[in-house]
Amino acid sequence: MTGMKSGVVFGDDYKALLAACKGGAYALPAVNVVGTNSVNAVLEAAARNKSDIIVQLSNGGAQFFAGQGMADGNTAKIMGAVAAAQHVHLLAEYYGVCVVLHTDHANRKLLPWIDGLIAKGERYYKANGKPLYTSHMLDLSEEPLEDNLSICADYLKRMVPLDMSLEIELGVTGGEEDGVGHDLDETDNAKLYTQPDEVLRAYEKLSPIGHFSVAASFGNVHGVYKPGNVQLRPEILKGSQDLVSSTHGTGNNPLDLVFHGGSGSEKAKIEEAIGYGVFKMNIDTDTQFAFANAVGGYVDKNPKAFKFQIDPDDDTPYKSKYDPRKWLRAGELGLAERLDEAIRDLRSGGKSLAMN
Ligand SMILES: [Zn+2]
């Protein structure tokens, strides 16, 4: 495998990166970010582990990146995602790893967000010769299969000239990610497991158009629940791979699969899923908790600094403790440490394709 330049990857380099993951039986963490603190912590963990990485924004994460005070929600979601992508484009190469830029779940209601991002992406491509995002995700799993696939086909046609890829969702990931998703209780259990013939239909419809990946459901759920609530069945993924490969005479594991709801999953099931062609595992809940837990630990250790600028009893000044760089940094370190673990689970450490 020849090396690549560090920084944001797209097009043929993205495909080569996925091939390296599947060929080398490892996967990349796709981490949801909400601001420069989380972006930088993700890059820091990727760099120190020499792991390529996926930086991802949900619609709410993008809005938060732009600022909760921005008046128009859709504009904030578009501009926040543009700002986050530009931040990553500017800095990623200095961390010495390959970075994939992705958006997360967009259902029918959120299509205007993706429309806005494609419009911004077209302008960005014209000016810079590269896409703003490596890939977007459409989650039309609530729609009938043929509607899901024909809308995805239309979007993929617009994105191919920008050297972009598209992630689609088949079946249902339980729970919800940022307002998109399903209550566990309301979900028909069969829908938690993607049907191989649906994946085959997606392959036949989309692969002639361009590159796509599939968030397939094998009992995975967003969020972390008490053990026993979720039954992961990675062998479902193998069924889809085998059906496509036997129908179309492709090689082993022809599909590029995505594991949603990676937080809290059993390590053995993660490993099994990687063997069936999963190259991307989304992680949000566990990294959110790691950030919060570390900030909470800092506050517990320095409680007075969060109430007084000067100690009322002994006049100690607390400026050096309440400086946001101290407690936000604690959060960044907590997030990065949780990612060290994800990188170990997914075996992506030491495998960066970036030449530096
Ligand atoms: Zn998801």
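In this text, all values refer to a predicted model and were calculated from it rather than measured experimentally.

Peer 1: How do you make sense of unusual backbone geometry when you look at a structure like this?
Peer 2: Working note: non-glycine residues mostly have negative phi, and peptide bonds are mostly trans. With a phi angle near 60 degrees, D163 is a residue other than glycine that sits in the positive phi range. Structurally, the position occupied by D163 is in the loop between α6 (145-159) and β6 (165-170). The partly exposed category is assigned to D163, around which 19 C-beta atoms lie within 10 Å. Even without a glycine there, the phi angle at N253 is positive, about 45 degrees. Looking at N253, the number of C-beta atoms within 10 Å reads 21, which means it is buried.

Peer 1: Which parts of the structure should I look at to understand helix α8 (residues 235-248)?
Peer 2: Helical geometry: 3.6 residues make up each α-helical turn, so side chains three or four residues apart lie on a common side. Over its 14 residues, α8 runs 20 Å from end to end, which matches the ideal 20 Å to within 8%, given 1.5 Å per residue. Buried within α8 are the following residues: I236, L237, S240, Q241 and V244. Taken down its axis, α8 places every buried residue within 140 degrees of arc, on the same side. Within α8, the exposed residues directed more than 90 degrees away from the buried face are E235 and S246. In this fold, the buried residues of α8 make contact with α7 (196-206), β9 (212-216), β10 (257-259), α9 (267-275) and β11 (278-283).

Peer 1: Sorry if this is basic, but what is going on with the packing of α7 against α8 here?
Peer 2: Each pair of packed helices gets described by two things: the angle between the helix axes and the distance between those axes. Following both chains from N to C, one finds α7 and α8 inclined at 50 degrees, their axes separated by 8 Å at the closest point. The orientation of α7 with respect to α8, classified from their angle, is oblique. For the element pair α7 and α8, the recorded crossing hand is right-handed. Seen from α7, the contacting residues are P196, D197, V199, L200 and Y203; seen from α8, they are G239, S240, L243, V244 and T247. Grouping the constituent residues of the contact of α7 with α8 by class yields six nonpolar, three polar and one charged.

Peer 1: Sorry if this is basic, but what is going on with the packing of helix α4 (residues 73-91) against helix α5 (residues 111-128) here?
Peer 2: It is the contact of α4 with α5, at a shortest axis distance of 9 Å, that shows an interaxial angle of 45 degrees. Taken together, the axes of α4 and α5 are oblique relative to one another. Seen along the crossing, α4 lies across α5 with a hand that is right-handed. Across the interface between the two elements, N74, K77, I78, A81 and V82 from α4 touch P112, W113, G116, L117 and K120 from α5. Here the residues of the contact of α4 with α5 sort into six nonpolar, two polar and two charged.

Peer 1: Could you clarify how one ought to interpret the pairing of strand β2 (residues 28-32) in this entry?
Peer 2: The side chains of a regular strand alternate, first on one face of the sheet and then on the other. Taken across its five residues, β2 has five buried, putting it largely inside the fold. Burial along β2 is two-sided: L28, A30 and N32 facing one way and P29 and V31 facing the other are all buried. Where β2 and β11 come together, four bridges link them in parallel fashion. Counterpart to A30 in the pairing with β11 is N282. Examined bridge by bridge, β2 and strand β3 (residues 53-57) share three bridges and lie parallel to one another.

Rules behind the numbers
- Residues numbered from 1 in each chain as written.
- Predicted model: local features only at pLDDT ≥ 70, side-chain atom pairs only at ≥ 80, totals over all residues.
- Helix = DSSP H or I, 4+ residues; strand = E, 2+ residues; numbered from the N terminus.
- Buried ≥ 20, exposed ≤ 12 C-beta atoms within 10 Å, placed from the backbone.
- Expected span 1.5 Å × (residues − 1).
- Arc of directions from axis to C-beta.
- Contact = placed C-beta atoms within 7 Å.
- Axes fitted to C-alpha atoms, helices over the stretch in contact; angles between N-to-C directions.
- Parallel < 35°, antiparallel > 145°, perpendicular 65-115°, else oblique.
- Left-handed = near helix turned anticlockwise from the far one by under 90°.
- Nonpolar A, V, L, I, M, F, W, Y, C, P; charged D, E, K, R; others polar.
- Pairing = 2+ DSSP bridges.

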